[in-house]
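# A closer look at the structure
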Amino acid sequence: MPALLALLGPAPVMAADRQPPLVLAAASLQESISAAANAWAASRHPRPVISFAASSTLARQLAAGAPADLFVSADETWMDDLAGRGLIAPGTRVSFLGNSLVLVAPATSKVRVEFRNPARLAALLSAGALAMADTESVPAGKYGKAALLKLGVWSAVSPKVVRAENVRAALALVERGAAPLGIVYATDARASSAVRVVGVFPAATYPAISYPVARLKASVNPEGEGFRRFLVSRAGKAIFVRYGFSVR
């Protein structure tokens, strides 16, 4: 019997025998990375456990010692912060997704936006609350503030900005009608039937939106590295394209 077992080789390792990787991901990735996790699980891997929040919140948690296998940020700055702390596994950081910035209103709104006229734009944006992710730390808020500064309307608009903890919270304010306008990613607007895009910010008004993924140096789960490689593969990127992201 031992000889027979040797010939047969070790029993195949099933998904149930492996630990799912823990992924901390930017709030704007909720639908897309969940779909990627489902696809990964369909290929006989344990489905990743994913925690969504603002990139700033997640990076601070990791810096404080929170366990995770992968981090997916909505900007390079917070990944730079972790890299500077020596928390990222060398050679695993890949910037693989892009996005764009839009102005949204409730689906029933009749608002029209003209970016070419700063005075009219300032009047429109300051007429009521403007929902944005926190403009000092959250990537979506920082991109939005940069756009408003470039357009020359930040000083007029900033008193009306309602700062949310992340971009999905800002979107929710517009969905509920608590704010007549909001600045979110194009993919967030696409994910909601309760809002409509009333303006697309010119790409030249804000830094290129870049999503990097990296494995944490403390990770010892091989499933984490496997899922990271899947995310940046052609098959993985195709999933994000379906949700409106651009890929690199």
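Residues numbered from 1 in each chain as written. Predicted model: local features only at pLDDT ≥ 70, side-chain atom pairs only at ≥ 80, totals over all residues. Heavy atoms only, no water.

## Considering unusual backbone geometry
One non-glycine residue, Arg44, adopts positive backbone phi at about 70°. Its place among the elements puts Arg44 in the loop between helix H2 (30-42) and strand E2 (49-53). Residue classification places Arg44 among the exposed positions, given a relative accessible area of 53%. (Helix = DSSP H or I, 4+ residues; strand = E, 2+ residues; numbered from the N terminus. Buried < 20%, exposed > 50% of the residue type's maximum accessible area, 1.4 Å probe, protein only.)

## Brief notes about helix H3 (residues 55-63)
Buried within H3 we find Ser55, Ser56, Leu58, Ala59 and Leu62. Within H3, the buried residues cover an arc of 165° as seen down the axis, which keeps them to one side. Residues of H3 that are buried sit in contact with strand E1 (22-26), E2, strand E3 (70-72), helix H4 (76-84) and helix H6 (139-150). Count one or two residues on from H3 and you reach Gly65, which has phi positive near 105°. (Arc of directions from axis to C-beta. Contact = heavy atoms within 4.5 Å.)

## Structural notes on H2
Given a rise of 1.5 Å per residue, 13 residues ought to cover 18 Å, and the 18 Å separating the end C-alpha atoms of H2 matches this to within 8%. Turning to H2, the residues buried within the fold contact E1, E2, E3, helix H10 (222-231) and helix H11 (234-242). Looking at the residues trailing H2, positive phi occurs at Arg44, about 70°. (Expected span 1.5 Å × (residues − 1).)

## Quick word on the environment of Trp40
Secondary-structure assignment places Trp40 in helix H2. You can call Trp40 buried: its relative accessible area is 9%. Separated by 110 residues in sequence, Trp40 and Lys150 place their C-alpha atoms 41 Å apart. When near neighbours in sequence (up to four residues on either side) are disregarded, Trp40 contacts His45, Pro46, Pro48, Glu223, Gly226, Phe227 and Phe230.

## Examining the sheet that holds strand E6 (residues 130-133)
Pairing within the open sheet is mixed, and its five strands lie in the order E7-E6-E8-E5-E9. Looking along the sheet, the strands with just one partner apiece sit at the ends: strand E7 (161-164) and strand E9 (195-200). Sheet twist, expressed as the average angle between the axes of neighbouring strands with direction ignored, equals 35°. Examined bridge by bridge, strand E5 (residues 101-106) and strand E8 (residues 181-185) share four bridges and lie antiparallel to one another. Bridged to Leu103 within E8 is Ile183. Relative to E6, H6 is tilted by about 125°, and along the sheet it contacts E5, E6 and E8. (Pairing = 2+ DSSP bridges. Axes fitted to C-alpha atoms, helices over the stretch in contact; angles between N-to-C directions.)

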